[in-house]
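Breakdown of the fold
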Amino acid sequence: MSLARISDVTSASAPARRSRAIAPASGRRPWTFYVLATLFTLYLLALYGPMACIYILSFQDLRGGLVFPMKGLSLHWFVDLFTQVRTGDVKGSFERSFELAIVVTVLTVLVSFLAGLGFRKRFAGDTVVFYLMIGSLVAPGLVLGIGVGLIFNAVGIDASLFTSALGAQLSWTLPFGVLVMFAVMSRFDHAWEEAARDLGASPWQTIRLVVIPVLAPGIVAVALFGFTLSYDEFARTLQTAGSLNTLPLEIWSMTLNITSPALYALGTVTTIVSFVVIGASLGTIAFMQKRREARAPAGQQGGAA
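Described below are features of the structure shown in this document. All figures in this text were calculated on a predicted structure; none of them were measured in a lab.

Attention now goes to the pattern of salt bridges. One pass over the full model with this rule turns up 2 salt bridges. Taking the shortest distance from any N to any O, the salt bridge between Arg 120 and Glu 193 comes out at 2.6 Å. Of this pair, Arg 120 sits in the loop between α4 (90-118) and α5 (126-134) while Glu 193 sits in helix α8 (residues 191-198); the two residues are 73 residues apart in sequence, bridging distant segments of the chain. With a relative accessible area of 32%, Arg 120 lands in the partly exposed category. One salt bridge connects Glu 233 with Arg 236, and the closest N-O pair in it is separated by 3.6 Å. Assessed through its relative accessible area of 8%, Glu 233 is described here as buried.

All right, on to the nonpolar core then. Across soluble globular proteins, nonpolar side chains show a tendency to be buried alongside one another. Core analysis: the largest hydrophobic core is formed by 17 residues, its most contacted members being Leu 81, Tyr 231, Met 254 and Leu 266. At the level of elements, α3 (76-83), α4, α9 (203-231), α11 (247-257) and α12 (262-304) are the ones that each hand at least two residues to this core. Tallying contributions element by element places α12 first for this core, with 7 residues. Excluding residues within four positions of it along the chain, Leu 266 makes contact with Leu 81, Val 90, Leu 247, Ile 251 and Met 254. The next biggest cluster of nonpolar side chains, apart from the first, holds 11 residues, and it includes Phe 113, Leu 117, Val 184 and Val 222.

What follows deals with the packing of α4 against α9. At a minimum axis separation of 8 Å, α4 and α9 run at an interaxial angle of 140°. When the axes of α4 and α9 are compared, the pair comes out oblique. Read as a crossing pair, α4 and α9 show a hand that is right-handed. Of the residues assigned to the contact of α4 with α9, the class counts are 18 nonpolar, 6 polar and no charged.

Here we come to the packing of α4 against α11. Across the interface, α4 lies against α11 with an axial gap of 8 Å and an inter-helix angle of 150°. Classified by the angle their axes make, α4 and α11 are roughly antiparallel. Contacts between α4 and α11 involve Val 90, Ser 93, Phe 94 and Ser 97 from the former and Leu 247, Pro 248, Glu 250 and Met 254 from the latter. Each residue belonging to the contact of α4 with α11 can be placed in one class, and the counts come to 5 nonpolar, 2 polar and 1 charged.

Once that is clear, we can look at a nonpolar patch on the surface. A cluster of nonpolar residues, Ile 56, Phe 59, Phe 68, Met 70, Leu 73, Leu 75 and Val 79, forms a patch on the protein surface that exposes about 660 Å² of accessible area. Checked against the element boundaries, Ile 56 lands in helix α2 (residues 31-57).

Basis of the calculations
Residues numbered from 1 in each chain as written. Predicted model: local features only at pLDDT ≥ 70, side-chain atom pairs only at ≥ 80, totals over all residues. Heavy atoms only, no water. Salt bridge = Lys/Arg side-chain N within 4 Å of Asp/Glu carboxyl O. Helix = DSSP H or I, 4+ residues; strand = E, 2+ residues; numbered from the N terminus. Buried < 20%, exposed > 50% of the residue type's maximum accessible area, 1.4 Å probe, protein only. Core = buried A, V, L, I, M, F, W, Y, C linked by side-chain atoms within 4.5 Å. Contact = heavy atoms within 4.5 Å. Axes fitted to C-alpha atoms, helices over the stretch in contact; angles between N-to-C directions. Parallel < 35°, antiparallel > 145°, perpendicular 65-115°, else oblique. Left-handed = near helix turned anticlockwise from the far one by under 90°. Nonpolar A, V, L, I, M, F, W, Y, C, P; charged D, E, K, R; others polar. Patch = residues over 30% accessible without salt bridge, like charges linked within 9 Å, V, L, I, M, F, W, Y side chains within 5 Å. Areas by Shrake-Rupley, 256 points an atom, 1.4 Å probe, with all protein chains shown as cover.

See below:
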């Protein structure tokens, strides 16, 4: 048998041997699949099991307690949460948290966007400035909150939500916003800006009509980071909020004196609000992408004409 014939036979049988090695002959999944699936299922149970228990127990009636078995089924504790004074200032703390989160979100988006524009070109000391911006991520939140409170006290400014608490929360949200904006900016094609300038657009028109629409999904992602991080922040707000509680601080204070499913109802409400905000943000991103895809064929047809 010639060498060419041997080579042909070897090359023809190699794919068959490889296919048998990759997939079992019986068509059944390997045992490792079931082991990994079991581990993943246990991980999901450990992650979402406690949350599910809280959600279920929050729908008990007046006889309900903090543990199973569940007693009755009603919305009693949700009504009690917003009507009874003994459960704390839930409505006021929710409004304060929401307002503070909106302010933090606006400032985070604005500063992150400007930082993304500024860091597109290298400048002297840019590495030092970058590490200074993200340095607060490695600092313990409680220690950072105490430091911010001491600084405001030293300069004679009383701790409050929109002074010291705002500054402490921005030290947490801005690094995340800047990192996300840098990742978005790295995929931005500068040829679009050059084309806009060639067509006579001013710098502000280029940013408003070209840069912002292209980066809109990333800007929404930065806003989502800013809102959720501020809305749920506890450590950095504990020593800087002053005399008025945010919702996380109110929940913490309720754990000290509330022994009813009203606390579980509050957890359910806050989770629903978080999911609504996340869903609205993802829906906004999907709407922007579909709108951009719908405009693309029209632009191509116009160019072809």
